[in-house]
Amino acid sequence: MSKKKVAVITGSAQGIGKGLAERLAGEGFSIVLSDINKEILTGTENEFRNNGFEVTSFVGNVTKPEDQAALVQHAVDTFGSVDVFVNNAGVEGQVAPLIGADPKAVDFTFDVNIKGVIYGIQAAAKQMIKQGTGGKIINACSIAGQQGFEMLGVYSASKFAVKGLTQTAAKELAPHKITVNSYCPGIVGTGMWERLDEKMMEHMGTKKGEAFAKFSEGIALGRPQTPKDVADLVSFLASPNSDYITGQNILTDGGMIFN
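As recorded by an unreviewed UniProt entry, the protein carries the name diacetyl reductase [(S)-acetoin forming] and is attributed to Siminovitchia terrae. As its UniProt record puts it under Function (unreviewed entry), the protein is described as follows: "Catalyzes the irreversible reduction of 2,3-butanediol to (S)-acetoin in the presence of NADH." Regarding the protein, the relevant UniProt record gives this comment under Sequence similarities (unreviewed entry): "Belongs to the short-chain dehydrogenases/reductases (SDR) family."

(A) Examining the overall build of the protein more closely. Across its full length, the protein carries eight helices and seven strands. Within the protein, the fraction of its 259 residues that count as buried is 52%. Within the protein, counting contacts between residues at least 6 apart in sequence, those at least 24 apart form 69% of the total. Summed over all atoms, the accessible surface of the protein reaches about 11,900 Å², with 54% contributed by carbon and sulfur.

(B) View of the pairing of strand β3 (residues 55-59). A large share of β3 lies buried, amounting to four of its five residues. Where strand β2 (residues 30-35) lies against β3, five bridges are found, and the strand directions are parallel. By the bridge assignment, D35 is partnered in β3 with V59. Of the crossover connections in this fold, the one passing from β2 over helix α2 (residues 38-50) to the parallel β3 is right-handed.

(C) Structural detail: the pairing of strand β4 (residues 84-87). Burial along β4 is two-sided: the residues V84 and V86 and F85 and N87 are all buried. The pairing of strand β1 (residues 6-10) with β4 spans three bridges and is classified as parallel. By the bridge assignment, V8 is partnered in β4 with F85. As paired strands, β4 and strand β5 (residues 135-140) are joined by four bridges and run parallel to one another. Pairing of F85 across the sheet is with I137, part of β5.

(D) Expanded view of unusual backbone geometry. Even without glycine at this site, M151 takes up a positive phi of about 75°. Mapping M151 onto the fold places it in the loop between β5 and α5 (153-173). If you check the backbone angles, K177 has positive phi at about 60° while not being a glycine. Counting through the fold element by element, K177 comes out in the loop between α5 and β6 (178-185).

(E) Up close: the pattern of salt bridges. Using the criterion set out here, one finds eight salt bridges in the structure. D229 is paired through a salt bridge with R223; the nearest N and O atoms lie 2.8 Å apart. Assessed through its relative accessible area of 17%, D229 is described here as buried. Shared partners join several salt bridges into a network, and the residues in it are R23, E27, K228 and D232.

(F) Spotlight on the sheet that holds β4. Reading across the sheet, the seven strands line up as β3-β2-β1-β4-β5-β6-β7 and stay open at both edges, with parallel pairing between neighbours. The sheet is open, and its two edges are formed by β3 and β7 (249-252), each paired on a single side. Within this sheet the neighbouring strands show an average axis-to-axis angle of 20°, counted without direction. Strands in contact with α2 are β2 and β3; relative to β3, the strand with the most contacts, it is inclined by about 175°. Running at roughly 170° to β6, helix α8 (residues 227-238) makes contact with β4, β5, β6 and β7 of the sheet.

(G) Quick peek at the packing of aromatic side chains. Considering all chains together, one arrives at one aromatic pair under this definition. The interplanar angle of 70° and the centroid separation of 5.5 Å between the aromatic rings of F48 and F53 together place this pair among those described as edge-to-face.

(H) Looking closely at α5. In a regular helix each residue adds 1.5 Å, so 21 residues correspond to 30 Å; α5 covers 30 Å between its end C-alpha atoms and thus fits that length. Taken residue by residue, α5 has V154, Y155, S156, S158, K159, V162, T166, A169, A170 and L173 as its buried positions.

Conventions we followed
Residues numbered from 1 in each chain as written. Predicted model: local features only at pLDDT ≥ 70, side-chain atom pairs only at ≥ 80, totals over all residues. Heavy atoms only, no water. UniProt positions renumbered as here; feature names shortened; annotations may be inferred. Helix = DSSP H or I, 4+ residues; strand = E, 2+ residues; numbered from the N terminus. Buried < 20%, exposed > 50% of the residue type's maximum accessible area, 1.4 Å probe, protein only. Contact = heavy atoms within 4.5 Å. Areas by Shrake-Rupley, 256 points an atom, 1.4 Å probe, with all protein chains shown as cover. Pairing = 2+ DSSP bridges. Right-handed = clockwise from strand over helix to strand, strands pointing away. Salt bridge = Lys/Arg side-chain N within 4 Å of Asp/Glu carboxyl O. Axes fitted to C-alpha atoms, helices over the stretch in contact; angles between N-to-C directions. Phe/Tyr/Trp six-rings, centres within 6.5 Å; stacked < 30°, edge-to-face > 60°. Expected span 1.5 Å × (residues − 1).

Here it is in structure tokens:
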């Protein structure tokens, strides 16, 4: 079994999650990729292995507590421990005014973005407590978890919940030397924002790319975000340099929301 530290990242077949996994793998972690999309996940695992990374993968649905528990067990069976657990999996949900929010879309967004984080925290924390050596749980929040955005009310609500879960878990798990923090990205040029841009065309009358450009206008540093920008923060949160930081929801948005 691996003597390296082990990082588990949900939703890591592509997008931000893949970027986080690549960064941590490059820093010497053994990586457990997890996603619901088996085909893309297998491709990412093969890519990592070809790059010389120590990696395994697990197909799982974060909305099912039994899948989250099985993911952690797979990590332990393969590499011997879970030292970092990143609750990265998330969905943007329906893009619509609150008065037009579809109940099924609300349930789906809350299931993935809230319940998925709860079940991930539970599974990771139980294993870390069992190991007795502490650990780091890192959750995906958002600028939409700091401020509500039009057309994204349900998504914003789900990310505000992640902020509260992060603070609560940090307080409860501190006696076990487990830190819990979240990263709050802004406008990241990934598949999620491509979908958001298309959906906003229906409600805002914009053309392709205009919504992305409009939201990016307010970034103080003058450019939209990349997965590497997010990985810079998550790398810090996964490292010993953040050992004295817990319960924080940290913005990485180029200067959009100022607390």
